[in-house]
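# A closer look at the structure
Residue strings, one per chain:
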Protein chains: 2
Amino acid sequence: MKTISENRAFGGVQGVYSHASDATGCDMTFGLFLPAEAEDEPVPLLWYLSGLSCTHENAMIKAGAQKWAAEAGIGLVFPDTSPRGVGVADDPAYDLGQGAGFYVNATETPWAQNYRMWDYVTDELPDVLFSTFPLEEDLQAITGHSMGGHGALTIAMGFPGRFRSVSAFAPIANPSASDWGRKQFSAYLGADESKWAPHDATMLMRKRGFDGPMLIDQGASDQFLDLLKPEALAEAIALRRQAATFRMQKGYDHSYFFVASFIEDHVNFHADALQG
Amino acid sequence: MKTISENRAFGGVQGVYSHASDATGCDMTFGLFLPAEAEDEPVPLLWYLSGLSCTHENAMIKAGAQKWAAEAGIGLVFPDTSPRGVGVADDPAYDLGQGAGFYVNATETPWAQNYRMWDYVTDELPDVLFSTFPLEEDLQAITGHSMGGHGALTIAMGFPGRFRSVSAFAPIANPSASDWGRKQFSAYLGADESKWAPHDATMLMRKRGFDGPMLIDQGASDQFLDLLKPEALAEAIALRRQAATFRMQKGYDHSYFFVASFIEDHVNFHADALQG
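As the structure is a prediction and not an experimental result, all values here were calculated from the model. (Residues numbered from 1 in each chain as written. Chains lettered and ligands numbered in written order. Predicted model: local features only at pLDDT ≥ 70, side-chain atom pairs only at ≥ 80, totals over all residues. Heavy atoms only, no water.)

## Regarding the overall build of chain A
Counting its regular elements, chain A contains nine helices and nine strands. Against the 2.2 N^0.38 benchmark of 19 Å for 276 residues, chain A shows a C-alpha radius of gyration of 17 Å, consistent with a compact globule. Among the 276 residues that make up chain A, the fraction classed as buried is 62%. Across chain A, contacts joining residues at least 24 apart in sequence account for 72% of those joining residues at least 6 apart. Accessible area for chain A stands at about 10100 Å²; split by element, carbon and sulfur atoms hold 48% of it. One finds the centroid of the 19 positive side-chain charges in chain A at a distance of 6 Å from the centroid of its 35 negative side-chain charges. (Helix = DSSP H or I, 4+ residues; strand = E, 2+ residues; numbered from the N terminus. Rg over C-alpha atoms; globule rule 2.2 N^0.38 Å. Buried < 20%, exposed > 50% of the residue type's maximum accessible area, 1.4 Å probe, protein only. Contact = heavy atoms within 4.5 Å. Areas by Shrake-Rupley, 256 points an atom, 1.4 Å probe, with all protein chains shown as cover. Lys, Arg positive; Asp, Glu negative; His and termini not counted. Charge placed at Lys NZ, Arg CZ, Asp CG, Glu CD.)

Pasting the structure below:
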């Protein structure tokens, strides 16, 4: 593993590291914030999955999560959103290919060779993190924004017992019924929609839900509401009687200003679950 | 004036605007955060001047100042760091020309035509702001990072009575004695060093000081310490008996992670001065 940078931040260290990934067949870069407590003992870990067109860097520099993670003594990991590199398949559209991995294992040509972000985020990167850094594998939580909210919700529900809590900012909530989902799932997973179901938060909520607390924030002035479909997930949460808080935030859009405005609540929500 | 974007943030609005500038002879862009209180009445204003290579955007998206400004009911303005555009003189180096205005009025060819950032930040942009937005002209404070810390200190001392308080993150503290300063002042202001003195924070501190509280944060692991020369300013502050807090922060470097780590303290410091 290679250290790209390490900066003192909020009494801890904001690092950026890269490593050769078997899952994606390319070098992968991630950001990791460790609070001061990590100098003495392993700390809990909150995953932050980012959205379309983002790298590991966007949330790391724009969301302002480190302040609250430092106060709570929690680590933060910021994975990249897809495989990358000149030999990696891509598409001119911002919402397919590099920067748009959708947290699935692609089975279709030309994506299958590298686009295995499900395995990367749920298997390989955890191995790297827990074998290298002072992090408590038994104390994990997960959040994300937009495509990353989709990833957080589907991964949390896909691995019962792994995460103490899950939250999301403006998640792609029902991708099987959205142009943010149908296009990508068709390309990565093929035409058989039964393969899509494990990657649709609304369908997972209908089928099994999440065994812990859940927090969803959605901007009421989000320019992508028609693609995100929060109403489908809200209905599924209510029908399942899922322990959850769903907040429609008046005036907020899809930007990082929205994420930054509520990140304190999300980190504290996870801190309560991780330390309770 | 043209609205580039407006995003809800922390209960207020983060806007980006551009306007034709007489001072710089080109279009200038700035960021302005207005807290919720500005919907009802004029609010105090904290200026944030940015460093080398920055635009209006860097601090606006990386520093995390809005959270604390919202809590204190204070507006934030993020000016650009130089004139810009195809017709504006430039230099291949990152520390001269576009992105490196140094908050002076250039008198030398080819810079004199557009590089009038002192007039822009102290005269024209205030006129634009106070005539357009609900801001209290009598309640101003100023801060900045690196070259912007230099700007904040020299402007605060250059306009006695205008600012209630001044602070800086890793300011270029003694540019007349540094390669971050001698190069630029020679180019913009010419060889006569007497013209440089009003733009050197340490020399201004020796000569007159600031009529209000001052806060300086400097990372002890800053990679540019030799260029910043904090020791010169610290000595001048002590010799003048200037009301000031100078903090050498162990382990911190020159990055925005350093700024973000201490922005809460700076905004609250200014809020106390503005509301006291």
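## Describing the interface of chain A and chain B
Contacts between the two partners involve 23 residues from chain A, matched on the other side by 23 residues from chain B. Each partner contributes to the roughly 1800 Å² buried at the junction of chain A and chain B, and carbon and sulfur atoms together form 60% of this total. Connecting chain A to chain B are two salt bridges. Linking Glu 264 of chain A and Lys 67 of chain B is a salt bridge whose minimum nitrogen-to-oxygen distance equals 2.4 Å. Counting the contacts that link chain A with chain B gives 12 residue pairs in polar contact (both at pLDDT 80 or more). Elements supplying a minimum of two residues to the side of chain A that touches chain B: strand E1 (2-9), helix H1 (57-62), helix H2 (65-72) and helix H9 (256-275) of chain A. Among the elements that make up the side of chain A that touches chain B, the one with the highest residue count is H9 of chain A (five residues). In terms of residue class, the side of chain A that touches chain B is made up of nine nonpolar, seven polar and seven charged. (Buried area = accessible area lost by both parts, 1.4 Å probe. Salt bridge = Lys/Arg side-chain N within 4 Å of Asp/Glu carboxyl O. Polar contact = N/O pair within 3.5 Å; in protein donor to acceptor, adjacent residues only side chain to side chain. Nonpolar A, V, L, I, M, F, W, Y, C, P; charged D, E, K, R; others polar.)

## Let's talk about the pattern of salt bridges
In total, this model carries 20 salt bridges over all chains according to the counting rule given. Residue Asp 265 of chain B is joined to Arg 247 of chain B by a salt bridge in which the shortest nitrogen-to-oxygen separation is 2.9 Å. Taken together, the residues Asp 265 of chain B in helix H9 (residues 256-275) and Arg 247 of chain B in strand E9 (residues 244-249) connect sequence positions 18 residues apart. Its relative accessible area of 31% is what places Asp 265 of chain B among the partly exposed residues. Owing to a relative accessible area of 24%, Arg 247 of chain B belongs among the partly exposed residues under this scheme. Each of Lys 67 and Glu 71 of chain A together with Glu 264 of chain B takes part in a single network of salt bridges with overlapping partners.

## Considering the relation of the copies chain A and chain B
The operation relating chain A to chain B is a screw motion whose rotation component is 180°, with 0.0 Å of axial translation and a residual RMSD of 0.0 Å. Such values leave the two copies arranged in the relation of a two-fold axis. Taking C-alpha positions as the reference, the residue of chain A nearest the rotation axis is Lys 62 of chain A, at 2.6 Å. Here 100% of the contact residues of chain A are again contact residues in chain B; the copies associate through an equivalent surface. (Least-squares fit on C-alpha atoms with pLDDT ≥ 70 in both.)

## So, the packing of aromatic side chains
Scanning the model with the defined rule gives 31 aromatic pairs over all chains in all. Seen in terms of ring centroids, Tyr 17 of chain A and Phe 30 of chain A are 5.7 Å apart; in terms of plane orientation they differ by 40°. Their pairing is tilted. Taken together, the residues span a long stretch of sequence, with Tyr 17 of chain A in strand E2 (residues 12-21) and Phe 30 of chain A in strand E3 (residues 26-34) at a distance of 13 residues. Given the relative accessible area of 5%, Tyr 17 of chain A is considered buried. The class of Phe 30 of chain A is buried, set by a relative accessible area of 0%. A centroid spacing of 5.9 Å and a plane angle of 45° characterise the contact between Tyr 48 of chain B and Phe 78 of chain B, whose relative ring orientation is tilted. (Phe/Tyr/Trp six-rings, centres within 6.5 Å; stacked < 30°, edge-to-face > 60°.)

## Some details on the sheet that holds strand E5 (residues 75-79) of chain A
Residue and element names in this part refer to chain A. Across the sheet, nine strands lie side by side as E1-E2-E3-E5-E4-E6-E7-E8-E9; this open sheet has mixed pairing. Edge strands, defined here as strands with exactly one partner in the open sheet, are E1 and strand E9 (244-249). Between one strand and the next, the sheet's axes are offset by a mean angle of 20°, whatever the strand orientation. Alignment of strand E4 (residues 43-49) against strand E6 (residues 135-144), held across six bridges, turns out to be parallel. When the sheet's bridge partners are listed, Trp 47 is paired in E6 with Ile 142. (Pairing = 2+ DSSP bridges. Axes fitted to C-alpha atoms, helices over the stretch in contact; angles between N-to-C directions.)

## A word on the sheet that holds strand E4 (residues 43-49) of chain B
In space, the nine strands of this open sheet follow the order E1-E2-E3-E5-E4-E6-E7-E8-E9 (chain B), with mixed pairing throughout. In the strand order of this sheet, the two ends are held by strand E1 (2-9) and E9 of chain B, each with one partner. If you compare each strand with its neighbour and ignore which way they point, the axes differ by 20° on average. H9 of chain A rests against E1 and strand E2 (12-21) of chain B of the sheet, and its axis sits at about 30° to E1 of chain B.

## Concerning the state of the cysteines
Applying the stated criterion across every chain yields a total of zero disulfides over all chains. In this structure Cys 26 of chain A is a free cysteine whose sulfur lies 17 Å from that of Cys 54 of chain A, the closest cysteine sulfur available. (Disulfide = S-S within 2.5 Å.)

## Observations concerning the confidence of the model for chain A
Mean pLDDT over chain A works out to 97, with 100% of the residues at or above the 70 mark. Across the assembled chains, the prediction reports ipTM 0.84 with pTM 0.91. (pLDDT = per-residue confidence, 0-100.)

## Here we look at the layout of surface pockets
All names here are of chain A. In this structure, the second largest pocket spans a volume of roughly 270 Å³. Lining the second largest pocket are 15 residues, and of these Leu 52, Ser 53, His 145, Phe 224 and His 254 lie nearest its centre. Partitioned by chemical class, the residues of the lining of the second largest pocket number six nonpolar, eight polar and one charged. (1 Å grid on protein atoms, 1.4 Å probe; cavity = no way out; pocket = protein on both sides within 12 Å on 5 of 7 lines; lining within 4 Å. Points joined across faces, edges and corners; volume = space filled by probe spheres on them.)

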